[in-house]
Amino acid sequence: MLGGLNTRVMLEYLPEIWQGFLSTLWLSAAGFLGAMALGVLACALAIQPLRWLRAPAVAYVDVIRATPLLAQLYFLYFGLPRLGIVLPEMLIGIIALSLNSGAYMAEIIRSGILSIPRGQVEAGMSTGLGYMQRMRLIVLPQALRATVSPVIGQTIVLVKDSSLLSLISVVELTRAGQRIAIDRFMPVEGLVATALGYLVLYYALKSAAGAWSARNALPGRG
Amino acid sequence: MGKEARMIEFSGVNKWFGPLHVLNDISLTVGKGEVVVVCGPSGSGKSTLIRCVNGLEPFQQGRLVVDGTDLSNRRALRALRMEVGFVFQSFNLYPHKTALENVTLAPIHVRGLNRTEAEARGRALLEKVGLGDKMGNYPHQLSGGQQQRVAIARSLCMQPKVMLFDEPTSALDPEMINEVLDVMVGLAREGMTMMVVTHEMGFARKVADRVIFMDRGAIVETAPPETFFTAPLHARTRDFLGKILHH
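Note that the structure is a prediction, hence the values are computed from the model and not measured.

1. Overview of the overall build of chain B
Working step 1: A count of helical and extended segments in chain B gives nine helices and 10 strands.
Working step 2: Radius of gyration (C-alpha) of chain B: 18 Å, near the 18 Å computed for a compact globule of 247 residues.
Working step 3: Based on the C-alpha atoms only, the size of chain B along its principal axes is roughly 55 × 45 × 35 Å.
Working step 4: Counting only residues that meet the buried cut, chain B has 57% of its 247 residues in that class.
Working step 5: Put simply, 66% of the contacts in chain B that link residues at least 6 apart link residues at least 24 apart.
Working step 6: Summed over all atoms, the accessible surface of chain B reaches about 10,500 Å², with 47% contributed by carbon and sulfur.
Working step 7: Both charge centroids of chain B, one from 29 positive and one from 26 negative side chains, sit 5 Å from each other.

2. Side note on the UniProt feature "domain: ABC transmembrane type-1" (unreviewed entry) in chain A
Working step 1: Those residues carrying the UniProt feature "domain: ABC transmembrane type-1" (unreviewed entry) are residues 21–209 of chain A in this numbering.
Working step 2: With 84% helix and 0% strand, the stretch residues 21–209 of chain A has end C-alpha atoms that lie 21 Å from each other.

3. Quick notes on the environment of A:Leu80
Residue and element names in this part refer to chain A.
Working step 1: Among the secondary structure elements, Leu80 is positioned in helix α4 (residues 69–82).
Working step 2: When its relative accessible area of 15% is taken as the criterion, Leu80 is described as buried.
Working step 3: The spacing of Leu80 and Gly31 is 49 residues in sequence and 19 Å in space, taken between C-alpha atoms.
Working step 4: Discounting residues that sit within four places of it in the chain, Leu80 has contacts with Phe75, Ile85, Leu87 and Ile92.

4. As for the sheet that holds strand β4 (residues 61–66) of chain B
Residues and elements named next belong to chain B.
Working step 1: With antiparallel pairing, the four strands of this open sheet are ordered in space as β2-β1-β4-β5. The open sheet has two free edges, formed respectively by β2 (20–31) and β5 (69–70), since each of these has just one partner strand.
Working step 2: Contacts between helix α1 (residues 46–53) and the sheet are confined to β1 (6–17), β2 and β4, with β1 contributing the most and set at about 125° to the helix.

5. A short note on the pairing of β4(B)
Residue and element names in this part refer to chain B.
Working step 1: For β1 and β4, the ladder comprises five bridges, and the chain directions are antiparallel. For Ser11, the partnering residue across the bridge sits in β4 and is Arg63.
Working step 2: Direction of pairing for β4 relative to β5: antiparallel, over a ladder of two bridges. Residue pairing for β5: Val66 is matched across the bridge by Thr69.

6. A look at the UniProt feature "domain: ABC transporter" (unreviewed entry) in chain B
Working step 1: According to UniProt, the positions carrying the feature "domain: ABC transporter" (unreviewed entry) are residues 8–241 of chain B.
Working step 2: Helix makes up 37% of residues 8–241 of chain B and strand 26%, and the two end C-alpha atoms of the span are 26 Å apart.

7. What about the sheet that holds strand β9 (residues 210–215) of chain B?
Residue and element names in this part refer to chain B.
Working step 1: A sheet is described by the order of its strands in space; here six strands give the open sequence β6-β7-β8-β3-β9-β10, paired in mixed fashion. Lying at the two open borders of the sheet, with one neighbouring strand each, are β6 (84–87) and β10 (218–223). For this sheet, the mean inter-axis angle between neighbouring strands, taken without regard to orientation, is 15°.

8. Remarks on helix α4 (residues 115–128) of chain B
Residues and elements named next belong to chain B.
Working step 1: If you check α4, its first and last C-alpha atoms are 20 Å apart, about what 14 residues at 1.5 Å a residue would give, namely 20 Å.
Working step 2: Taken together, the buried positions of α4 are Ala118, Gly122, Leu125 and Leu126. Seen along its axis, α4 keeps its buried residues to an arc of 100°; they face one direction.
Working step 3: The secondary structure elements touched by the buried residues of α4 are α3 (99–109) and α5 (144–156).
Working step 4: The backbone nitrogen of Thr116 has a side-chain oxygen 3.1 Å away, supplied by the residue at the start of α4, namely Asn114.
Working step 5: Directly beyond the C-terminal end of α4, a positive phi value near 80° is found at Gly130.

9. Structural notes on unusual backbone geometry
Residue and element names in this part refer to chain B.
Working step 1: Even without a glycine there, the phi angle at Asn92 is positive, about 55°.
Working step 2: Of note, Asn92 is situated in the loop between β6 and α3.
Working step 3: For Asn92, a relative accessible area of 11% translates into the label buried.
Working step 4: Here Arg216, not a glycine, exhibits a phi torsion of approximately 45°, which is positive.
Working step 5: Looking at the element boundaries, Arg216 is found in the loop between β9 and β10.

10. A word on the side chain of B:Asn14
Residue and element names in this part refer to chain B.
Working step 1: You can see Asn14 is positioned in strand β1.
Working step 2: A distance of 2.8 Å separates a polar side-chain atom of Asn14 from the backbone nitrogen of Asp25.
Working step 3: For Asn14, the contacting residues outside a window of four places in its chain are His21, Leu23, Asn24, Asp25, Phe59, Gln60 and Gln61.

11. Comments concerning the interface of chain A and chain B
Working step 1: Contact residues are listed per partner, giving 22 residues for chain A and 24 residues for chain B.
Working step 2: Between chain A and chain B, roughly 2,000 Å² of surface is buried when both sides are summed, and carbon and sulfur atoms account for 58% of that area.
Working step 3: When the buried surface of chain A facing chain B is broken down by residue, A:Ser126, A:Thr127 and A:Leu137 rank first, second and third, together holding 27% of it.
Working step 4: Linking chain A with chain B are one salt bridge, by the criterion used here.
Working step 5: A salt bridge links B:Arg51 to A:Glu122; its shortest N-O distance comes to 2.7 Å.
Working step 6: On the surface where chain A and chain B come into contact, there are nine residue pairs in polar contact (both at pLDDT 80 or more).
Working step 7: Only α6 (118–126) and α7 (131–161) of chain A provide two or more residues apiece to the side of chain A that touches chain B.

12. Considering the confidence of the model for chain B
Working step 1: Here chain B shows a mean pLDDT of 95. Residues at 70 or above account for 98%.
Working step 2: Overall fold confidence for the complex sits at a pTM of 0.83, while the interface term, ipTM, reaches 0.93.

Each value, and the rule that gives it
- Residues numbered from 1 in each chain as written.
- Chains lettered and ligands numbered in written order.
- Predicted model: local features only at pLDDT ≥ 70, side-chain atom pairs only at ≥ 80, totals over all residues.
- Heavy atoms only, no water.
- Helix = DSSP H or I, 4+ residues; strand = E, 2+ residues; numbered from the N terminus.
- Rg over C-alpha atoms; globule rule 2.2 N^0.38 Å.
- Buried < 20%, exposed > 50% of the residue type's maximum accessible area, 1.4 Å probe, protein only.
- Contact = heavy atoms within 4.5 Å.
- Areas by Shrake-Rupley, 256 points an atom, 1.4 Å probe, with all protein chains shown as cover.
- Lys, Arg positive; Asp, Glu negative; His and termini not counted.
- Charge placed at Lys NZ, Arg CZ, Asp CG, Glu CD.
- UniProt positions renumbered as here; feature names shortened; annotations may be inferred.
- Pairing = 2+ DSSP bridges.
- Axes fitted to C-alpha atoms, helices over the stretch in contact; angles between N-to-C directions.
- Expected span 1.5 Å × (residues − 1).
- Arc of directions from axis to C-beta.
- Polar contact = N/O pair within 3.5 Å; in protein donor to acceptor, adjacent residues only side chain to side chain.
- Buried area = accessible area lost by both parts, 1.4 Å probe.
- Salt bridge = Lys/Arg side-chain N within 4 Å of Asp/Glu carboxyl O.
- pLDDT = per-residue confidence, 0-100.

Encoded structure:
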């Protein structure tokens, strides 16, 4: 099947694929920043002691995790205009990606914080460190180390999830690949070109993760 | 004992974990410069007792005053903890900080010392506990005995008035116990007020002013070490000593 791949057509569409690739790259970057901001906020609310602040954060994470991204995307795409909010498709897409990944990021950060043994906090308390100092100097630096790998994992998911934005007519990598299928009736060529783009992004993230852990590992320990 | 000479004073302290009565009407005074060893079977409440002294454990009834601060005043807790050092069974060193950074963290961020002062103080203390050559090492690069000595230096670097030790040698291999006990003996001889939960009876004999035996949440017996070991009053104390001394 791949032996008969029409590489000439693939090259012909290279400018479209490249545009789609760049678009996926920046949609993902924007989605990532939004997701981290929401994740940190939702996590901070979820672990603090006031119940009425905790409840909305927990509800947010539950609703997002319980429903498919596609449903969330359509909900925003069709729902926002009914509230009189008209936004460009691309912005709706970024909001959906941020909201969706933000919930998973919140859980990842929360489990990183909860993985720090109670004794670490008690050692801080016993020398008179306050709550924010214990968080900043003891808990977060350790939790962050535990969090980087799963955060990059979730970012890889986010990059692939951004392909769903093609369904609300955002032009990105998947949509660009579909052009080859639609214009030339060559769906396999389109899909292969698309897949290569995602592979590049995947390997970039994977090597970033590797470089980070190599640089931040404690000496003498993996 | 005059009021100024009292460092730790429990009066009628009670604590329950659900239905479990973990501290049963504790009244106990520890004077300035006194060294008190607390022993007893596991689950007798000795760790809970010592953890109350710096507010790591709340209690439901009674009064506890440490260095003039009433522990029911949760707002005064942070200031009090600056004056009360605590050494844990499991060391609890910060794994992402070097030995020297572990020791200087609180002096810099809590006492407000500048880095140079804090490091000078930290270096002197690490030298004192025999770790002058390990300042730049991370906790996982140190043995258990070395980690516990760093933990002691970390507490001392705040220049506390009281030191609390919660089974400081229980997690150590036997050959490392003495290097930690030696540091503690030195501290006791310098006049530090200490409360030590331990089964190291050699340590108790050497430096304790009083030994306290706890069982089922209550203080059963309090006596100077020579009386405690040679003529314990209570059957439960004798039974316990028989179990830990006969080998």
